[in-house]
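Here are the chains, one letter per residue:
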Amino acid sequence: MAGKVLNYYAGGNTARGFHSLYESNLEGLSSLFILKGGPGTGKSSLMRKLGKEWNGKGFDIEYLHCSSDNDSIDGLIIRALGFGIVDGTAPHVIKPKAPGAVEEYINLGEAWDSAKLKERREEIEELTGKISQSFQSAYACFAKALRIHDEWETYYIENMDFEKANELTLELIESFFGRKALDKKPDVRHRFLGAATPAGAVDFVPNLTEGLAKRYLIKGRPGSGKSTMLKKLAAEAEQRGFDVEIYHCGFDPNSLDMVIVRELGFAIFDSTSPHEYFPDRESDEIIDMYSRTIAPGTDEKYEDQIADVGRRYKEKMKEAIASLAKASHLHDDLEDIYVEAMDFQHVDRVAAEISAEIQRLSEK
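Report on the accompanying structure. (Residues numbered from 1 in each chain as written. Predicted model: local features only at pLDDT ≥ 70, side-chain atom pairs only at ≥ 80, totals over all residues. Heavy atoms only, no water.)

### Digging into the packing of aromatic side chains
Two aromatic rings are characterised by how far apart their centres lie and by the angle between their planes.
Next, step 1: For the coordinates displayed, the defined rule picks out 17 aromatic pairs.
Next, step 2: With 5.2 Å between their ring centres and 45° between their planes, Tyr-155 and Tyr-302 make a pair best called tilted. Here Tyr-155, found in helix H4 (residues 121-157), pairs with Tyr-302, found in the loop between helix H9 (298-301) and helix H10 (303-340); they are 147 residues apart in sequence, far enough to count as distant. When sorted by exposure, Tyr-155 lands in the same class as Tyr-302, which is buried.
Next, step 3: Here a set of aromatic residues connected by ring pairs shows up, and it is made of Phe-176, Phe-177, Tyr-216, Phe-242 and Phe-266.
Next, step 4: Across the ring face of Tyr-8, the terminal group of Arg-191 is positioned such that the distance to the ring centre comes to 4.2 Å. (Phe/Tyr/Trp six-rings, centres within 6.5 Å; stacked < 30°, edge-to-face > 60°. Helix = DSSP H or I, 4+ residues; strand = E, 2+ residues; numbered from the N terminus. Buried < 20%, exposed > 50% of the residue type's maximum accessible area, 1.4 Å probe, protein only. Lys NZ or Arg CZ within 6 Å of the ring centre and 35° of its normal.)

Spelled out as structure tokens, the structure:
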């Protein structure tokens, strides 16, 4: 029987540039392979092959998805074995803590024909430069969108009852935890539930919340206190010794979108666009931040201003996604060059060697 598969992002294209949460998710692994090599060298395919193989053997696996390529993954973790394998090329460069003892580099560049690549050096350099420019353009648009979003939030922050927001948070703490606590050091992981990708906003909320007894769907407006409440709930879970998964916002990593405490069987998440969900399980519960914390009539009072800021925000986000899509297309062209120069039989041999290492770990 196949194991479970957990999907999330450990890195994202955000309003603050590329933001990495890899360190949090790789912490505690006893064996980590870091893949090096250019685009099109088979890193994602190798990891997917290993993931499919060991998931089929009954092991739970975690896929760390690529925010810049909807069809690729950047990492695979088999936590029960303390094993991980990641793409260690820019922008998610992994700094080893115990090289050789824990981390081991695998250079897939050994499988390419350097002579063929040198013949197309100018083309490679040109594409690489254009890809970098496209990402910088995307980040600049995301940054402008964040400033517009901050403007959007002010209409609600100025009409927010912070005392009521605190009351709601305390109610949830009491409901979730009561007097429960565990006498252990909690395992805390920071991740992204979704990301801005070349195909638009993508999230893994259904997968991440699968099997949980209770889901709380937060509804509200920008600036209605959703992220602040989630931060307080995460801190409470950690203080009481519960393992907690903290999911950051793929647009602004300083904000939170979801908290999961599997030991208590619940998830609570921001269920507004771009990851908008509605109750589809009998146990799902909506938490309406607007009705609980915002002065009645705020939407109507600032209707024209909110419509304008919302329109400007969407325009900037659309521009940013278009730049990511351009970078992706250019990256595909760059990959084609490397694919033609690769000996994928060598990559298959590397995959077999890593699988043998995983087998060794499973027999300990």
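### Some points on a negative patch on the surface
Next, step 1: A cluster of acidic side chains, namely Asp-71, Asp-332, Asp-333 and Asp-336, defines a negative patch on the protein surface.
Next, step 2: Along the chain, the position of Asp-333 falls in helix H10. (Patch = residues over 30% accessible without salt bridge, like charges linked within 9 Å, V, L, I, M, F, W, Y side chains within 5 Å. Areas by Shrake-Rupley, 256 points an atom, 1.4 Å probe, with all protein chains shown as cover. Salt bridge = Lys/Arg side-chain N within 4 Å of Asp/Glu carboxyl O. Lys, Arg positive; Asp, Glu negative; His and termini not counted. Charge placed at Lys NZ, Arg CZ, Asp CG, Glu CD.)

### Topic: the pairing of strand E1 (residues 5-9)
Next, step 1: Within E1, four of the five residues are buried, leaving the element largely enclosed by the surrounding structure.
Next, step 2: Across five bridges, E1 lies against strand E5 (residues 61-65) in parallel orientation. Looking at E5, one finds that Tyr-9 is bridged to His-65. (Pairing = 2+ DSSP bridges.)

### Description of helix H2 (residues 43-56)
Next, step 1: With 14 residues, H2 should reach 20 Å at 1.5 Å per residue; the first-to-last C-alpha distance of 20 Å fits that figure.
Next, step 2: Among all positions in H2, only Lys-43, Ser-44, Leu-46, Met-47, Leu-50, Gly-51, Trp-54 and Asn-55 are buried. In a view along the axis of H2, the buried residues occupy a sector of 160°, so they form one face of it. The exposed set on the far side of H2, more than 90 degrees from its buried face, consists of Ser-45 and Lys-52. (Expected span 1.5 Å × (residues − 1). Arc of directions from axis to C-beta.)

### Section: unusual backbone geometry
Next, step 1: The residue after Ala-90, namely Pro-91, is reached through a cis peptide bond having omega 10°.
Next, step 2: Note on placement: Pro-91 falls in the loop between strand E7 (83-87) and strand E8 (103-107).
Next, step 3: Of note, the amide linkage connecting Ser-273 to Pro-274 takes the cis form, showing an omega dihedral of 10°.
Next, step 4: Positionally, Pro-274 belongs in the loop between strand E15 (266-270) and strand E16 (285-288).

### Things to note about the pairing of strand E10 (residues 194-197)
Next, step 1: Across the two faces of E10 the burial is the same, with Gly-194 and Ala-196 and Ala-195 and Thr-197 all buried.
Next, step 2: Connecting the antiparallel pair E10 and strand E11 (residues 200-203) is a turn made up of two residues.

### Observations concerning the nonpolar core
Next, step 1: Membership of the largest hydrophobic core comes to 37 residues, with the highest contact counts inside it found for Phe-142, Tyr-156, Phe-251, Tyr-313 and Leu-324.
Next, step 2: Where this core is concerned, the elements lending two or more residues are H4 and H10.
Next, step 3: Leu-6, Leu-21, Leu-29 and Ala-267 belong to the second-largest nonpolar core, a separate cluster that totals 27 residues. (Core = buried A, V, L, I, M, F, W, Y, C linked by side-chain atoms within 4.5 Å.)

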